[in-house]
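# Survey of secondary and tertiary structure
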Amino acid sequence: MAFWWPLLVLGFAYALCRFLLMLIPPNVPSIDVDASDVLDDGKAKENCFIYIPSRGRTLEKVQCYEPATMKYLGYFPALKPDEVRERVAQARKAQKIWARSSFKQRRQFLRILLKYIIEHQELICELKILGCHTRRKGISSRDTGKTMVDASLGEIMTTCEKITWLLSEGERWLKPEYRSSGWSMLHKTAKVEFHPLGVIGAIVSWNYPFHNIFNPMLAAVFSGNGVVIKVSEHASWSGCFYLRIIQAALAAVGAPDNLVDVITGFAETGEALVSSVDKVIFVGSPGVGKTIMRNASDTLIPVTLELGGKDAFIVCEDVDVSHVAQIAVRAALQSSGQNCAGAERFYVHRGIYSKFVAEVVRIVKSVSAGPPLSGKYDMGAICMQEHSEKLQNLVNDALDKGAELAGRGSFGNLGGDAVDQFFPPTVLVNVDHTMQLMQEEAFGPILPIMKFSSDEEVVKLANDSRYGLGCAVFSGSKRRAKEIASQIHCGMAAINDFASNYMCQSLPFGGVKDSGFGRFAGVEGLRACCLMKSVVEDRWWPFIKTKIPKPIQYPVAENGFEFQEYLVEALYGMNVWDRLRALINVLKMLTEQNTIPSSSSSSSMKRRSD
């Protein structure tokens, strides 16, 4: 006890000091970001009008408008290939400087961003509309039509969690990692070093404009890379404002200009980006993902593809129905269903099917969709032009094949020009896999609910999809839920929860099949931004060095192969006695070889030449 007592005191004192240090706020400078052109300054009221998108596409400009109200926001240039290559070249110059930055400097960059995000949630998610309204509405909400709650859940929280994880663990996973050197290399040390790749190119989707920019940017910059991000033509207005936040934080830590850039444009712009960078991260559809793979093959750069999903939401008969029903509705309606990891196929055990459907319908009927700035609505708009028509076609196909409409939510006070940008939350029952709704990614607020009778049946149903991003399994028995989830061919699984994987930023995010491959987030995503270099060096240099044994030195001795046989058995023999016997033979051969006179070696070489 006398021995342990001082150690306990020291341990307690150390813990107390760590706790007291946590109470001291870090010295994080504030940054000022110009938001004058996105704030209501009363100077642009004459420019506010309803935007009617053309059926064609103007390739010189990326037009921006609010999906919820169809109010025109402005435009950005569609960059030409030469302009894209110039932006990448500038990022490459900056990256060579940033690659030498310290982790302390990189962490300070993250802290400045985190502080700004926390203090300016209203600026990110709730800004006055540009002279068109006196009410306030978020940048993400304006660009995508989502509600403030959806913007906070999907944009702010996920980004803050990623920053916090990088601050806590990022440096640890980018430091050299020592590995075992094996039997034959006991005199060596083996390690993996993680070096920046150069410039990362990211082509991101429109559904989470804030997080989809920050997600690849944070990993790329923290690992010492530059990054050029092509934002979707459907969310360019907010993306260019978010770049200002990043640039201000980089400037505050003395980072070089142009390390991070956001570019706008269409397919031509994206193709030029793929051909110019050292790695591509793509978030989008399988069709475009395949095109990016083909283009990336020209320069043989690594590609990470996140291509959406058709996630199964499985409910066993031993659950709390009212509890799970609330999660199910959130899983389907988050961001108006425009969520790559959203629940799109609901499988409910026939024993509770009717009760579960009734509870879901009750909740859905209480949900109203409408422009977030026009009143208190639970769900916002559909971002993509004409996507509501596609959703209705999926519903019609299901109804034609025997499905039934169990219930729908309501519309709010919609303007005549914005009706097509909204779709009511919809519950369908008696669905099956012959319906397009159960096969294609809907990307909308639809809950198709299907019965199952056994665990074996639901596993088969869940795997009957060309997608494999994630799944959610609910059961009163955690063991049963884990057993079902383990048999579903997908990249992620949540047990008695939905999409909680992404809030655990230590975990990789990605799928299989048509959901893509590669991972972002977590250790795997962070290291995927690096060149992984294997390094071997002498453990006790210069006292022990690698020396080629005499029998296999050039010219190779006649007993060279015999020596190799004994050496292999000495290192890898099946039991200790075989190894010892082989080791004795190895030492014997080395001793004999060293005693051979040099003249014998010369005559032997002469005989070989003859």
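As shown above, the structure is provided for reference.
Notes on the structure follow. Since the structure is predicted, the reported quantities are computational estimates derived from the model, not experimental observations. (Residues numbered from 1 in each chain as written. Predicted model: local features only at pLDDT ≥ 70, side-chain atom pairs only at ≥ 80, totals over all residues. Heavy atoms only, no water.)

### Looking at the overall build of the protein
Each helix and strand counted, the protein has 19 helices and 24 strands in total. Within the span of the protein, comprising 610 residues, buried residues form 51% of the whole. Accessible surface, the protein as shown: approximately 29100 Å² in total, 56% of it carbon and sulfur. (Helix = DSSP H or I, 4+ residues; strand = E, 2+ residues; numbered from the N terminus. Buried < 20%, exposed > 50% of the residue type's maximum accessible area, 1.4 Å probe, protein only. Areas by Shrake-Rupley, 256 points an atom, 1.4 Å probe, with all protein chains shown as cover.)

### Notes on the nonpolar core
Counting residues in hydrophobic clusters, the biggest one holds 73 residues, and the most contacted among them are Phe109, Phe214 and Met217. Top element by residues in this core is helix α7 (residues 209-222). It accounts for nine residues. The contacts of Met217, once residues within four sequence positions are left out, are Phe109, Leu113, Val227, Ile229, Ile246 and Val260. (Core = buried A, V, L, I, M, F, W, Y, C linked by side-chain atoms within 4.5 Å. Contact = heavy atoms within 4.5 Å.)

### What to know about the packing of α7 against helix α8 (residues 236-252)
Taken N-terminus to C-terminus, the directions of α7 and α8 make an angle of 35°; their axes are 9 Å apart at the nearest point. Handedness of the α7/α8 crossing: right-handed. From α7, Pro209, Phe210, Ile213, Phe214, Met217 and Val221 reach across to α8, where they touch Ser238, Gly239, Tyr242, Ile245, Ile246 and Leu250. Tallied by class, residues from the contact of α7 with α8 come to ten nonpolar, two polar and no charged. (Axes fitted to C-alpha atoms, helices over the stretch in contact; angles between N-to-C directions. Left-handed = near helix turned anticlockwise from the far one by under 90°. Nonpolar A, V, L, I, M, F, W, Y, C, P; charged D, E, K, R; others polar.)

### Notes on the sheet that holds strand β5 (residues 177-179)
In a beta sheet, neighbouring strands are held together by backbone hydrogen bonds and run either parallel or antiparallel to one another. The three strands lie next to each other as β5-β6-β24, forming an open sheet whose pairing is antiparallel. Since the sheet does not close on itself, it has two edges, and those belong to β5 and β24 (530-538), each with one partner. Across the sheet, the axes of successive neighbouring strands diverge by a mean angle of 30°, strand direction being ignored. By the bridge criterion, three bridges tie β5 to strand β6 (residues 188-196) in an arrangement that is antiparallel. Its bridge partner being in β6, Arg179 is matched across the sheet by Ala190. (Pairing = 2+ DSSP bridges.)

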